[in-house]
Amino acid sequence: MRVLPNVNPLYVKMSARNSDIPDVLEKLGSGGFTGYIYHSAPEFEFYGLFAQGQLLCAVSSSNGREKSGFEAIVLLLDKVLSVGGEISVFRMTADLAVCAHALIVGQRLIDGDEVRQVDIKGILARLKGQGTNGVVRFYTAERSAMMFYKDGLPIGFYHDGATAIESSPEESRMIAGLPGARVEICSTKSLDELLQYDLLQMVNLQKLWESARLRNVVQAQKETSEAAPAVSDMSEQRLLELVDDLSEVAAAYLLRAGREIVEKRIAERGGPGQLLDAAKRTIFLEQVKSDATASDSDARIDEMIDLMKSEIAARLAV
């Protein structure tokens, strides 16, 4: 995972155990927040980056595997409910948030080359000529320093141990000169372009939170060997809620087409009741997978289906 500057804290290491994460994210959004929220737990990290109240990106890392966007948020909710962890929130300027976006999900122009093998002066001149927004980061196993750029010009500097964004590149130059030092350069779009995307408007946080709670209950039941209620006792209302959850999952991966696929397959095979039968559920999921692949073969269809299975299992077990 990337490490962002931890200056201008709003909250630091607040217990996540009793936090309503959707409420936290929505308040940051409605409050016009610019900066990032960071969650840490054993073998897990999450970053959510905001600018002017819009969630520009979300990334998580669990046991070395990174997820982004919708999937990262789902993992965050699951982790908070299962193990708690700690939450920190740091303010940023809008310009620095753009640089943070480059660090988290931006394009890698150079990715870990040794400094001595790179024409740093030439590259910095090219960044200026191209009006690049992004970050130049020098690092070793023990040290790290960042140079932040807007429109090709440096706007600040940060290094491990710093308590503020600095105006001098001296520490960056020192770290760049250390034996074995490496460099990565990442870039991203302008703030105006990034603000056209708001992840908060693309997901239903409350429904994701509810689903995460259900999965957590199911896991607790398994661990304590408690018997789950009979599937046949599931009410029509809960079945409709399950269908809505599946539509939300599909929409997160395929937008409107995903919701239409789920609604179509539910309607043509006898309604939500088919989800109570194992064989019919299997057919339903296979058809949804086929339709989804035909709609967008580049989407992460297998992950979508796995999440649907998890939603179904959680709903049927509670």
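Calculation notes
- Residues numbered from 1 in each chain as written.
- Predicted model: local features only at pLDDT ≥ 70, side-chain atom pairs only at ≥ 80, totals over all residues.
- Heavy atoms only, no water.
- Helix = DSSP H or I, 4+ residues; strand = E, 2+ residues; numbered from the N terminus.
- Buried < 20%, exposed > 50% of the residue type's maximum accessible area, 1.4 Å probe, protein only.
- Contact = heavy atoms within 4.5 Å.
- Patch = residues over 30% accessible without salt bridge, like charges linked within 9 Å, V, L, I, M, F, W, Y side chains within 5 Å.
- Areas by Shrake-Rupley, 256 points an atom, 1.4 Å probe, with all protein chains shown as cover.
- Salt bridge = Lys/Arg side-chain N within 4 Å of Asp/Glu carboxyl O.
- Core = buried A, V, L, I, M, F, W, Y, C linked by side-chain atoms within 4.5 Å.
- Expected span 1.5 Å × (residues − 1).
- pLDDT = per-residue confidence, 0-100.
- Pairing = 2+ DSSP bridges.
- Axes fitted to C-alpha atoms, helices over the stretch in contact; angles between N-to-C directions.
- Phe/Tyr/Trp six-rings, centres within 6.5 Å; stacked < 30°, edge-to-face > 60°.
- Lys NZ or Arg CZ within 6 Å of the ring centre and 35° of its normal.

### A closer look at the side chain of Asp291
Following the sequence through the fold, Asp291 ends up in helix 10 (residues 278–295). A relative accessible area of 17% means that Asp291 is categorised as buried. Contact partners of Asp291, with chain neighbours within four places excluded, come to Ile261 and Arg265.

### Examining a nonpolar patch on the surface
Together, Tyr197, Met202 and Leu255 line one region of the surface with nonpolar side chains, adding up to about 290 Å² of accessible area. Residue placement: Tyr197 occurs in the loop between helix 6 (191–194) and helix 7 (205–224). Taking the relative accessible area as the measure of exposure, Tyr197 reaches 35% and is therefore partly exposed.

### Considerations on the nonpolar core
Among the nonpolar cores identified, the biggest contains 52 residues, and Ile73, Met304 and Met308 are the most heavily contacted of them. Among the elements that take part in this core, helix 2 (residues 69–83) stands out by supplying eight residues, more than any other. The contacts of Met308, once residues within four sequence positions are left out, are Leu246, Val249, Ala250, Val262, Leu285 and Val288. One finds Val7, Met92, Met146 and Phe148 within the second-largest nonpolar core, a separate group that totals 29 residues.

### A short note on helix 8 (residues 236–254)
The end-to-end C-alpha distance of helix 8 is 27 Å, a good match for the 27 Å that 19 residues give at a rise of 1.5 Å each. Those residues of helix 8 that sit buried are Leu239, Leu242, Val243, Asp245, Leu246, Ser247, Glu248, Val249, Ala250, Ala251, Tyr253 and Leu254. Where helix 8 ends, the next residue or the one after it, Leu255, has phi of about 60°, a positive value.

### Examining the confidence of the model for the chain
In this model, the chain carries a mean pLDDT of 89, and residues with pLDDT of at least 70 account for 94%. Confidence over residues 225–233 falls short of pLDDT 50; this stretch has eight contacts with residues more than four positions distant or in other chains.

### Regarding the sheet that holds strand 2 (residues 35–41)
A sheet is described by the order of its strands in space; here six strands give the open sequence 1-6-2-3-4-5, paired in antiparallel fashion. The open sheet is flanked by strand 1 (9–15) and strand 5 (65–68), the only strands paired with a single partner. Between one strand axis and the next, the sheet turns through 10° on average, direction left out of account. Taken together, the four bridges between strand 4 (residues 54–62) and strand 5 define a ladder with antiparallel strand orientation. Bridging across to strand 5, Val59 finds its partner in Ser68. Each of strand 3 (44–51) and strand 4 touches helix 3 (residues 94–105); the most contacted strand, strand 3, lies at about 145° to it.

### What to know about helix 2
With 15 residues, helix 2 extends 21 Å from end C-alpha to end C-alpha; this agrees with the ideal 21 Å at 1.5 Å per step. When we look at burial in helix 2, the residues that qualify are Gly69, Phe70, Glu71, Ala72, Ile73, Val74, Leu76, Leu77, Val80 and Leu81.

### Regarding the packing of aromatic side chains
Using the criterion set out here, one finds five aromatic pairs in the structure. With a centroid separation of 5.7 Å and an interplanar angle of 55°, the aromatic rings of Tyr36 and Tyr47 are classed as tilted. Separated by eleven residues along the polypeptide, Tyr36 in strand 2 and Tyr47 in strand 3 bring together distant segments of the chain. For Tyr36, a relative accessible area of 2% gives the class buried. Judged by centre distance (4.8 Å) and plane angle (35°), the ring pair of Tyr38 and Tyr47 falls under tilted. The structure contains a cluster of three or more aromatic residues connected by ring pairs, namely Tyr36, Tyr38, Tyr47 and Phe90. The lysine or arginine in question, Arg137, covers the ring of Tyr139, its NZ or CZ lying 4.2 Å from the ring centre.

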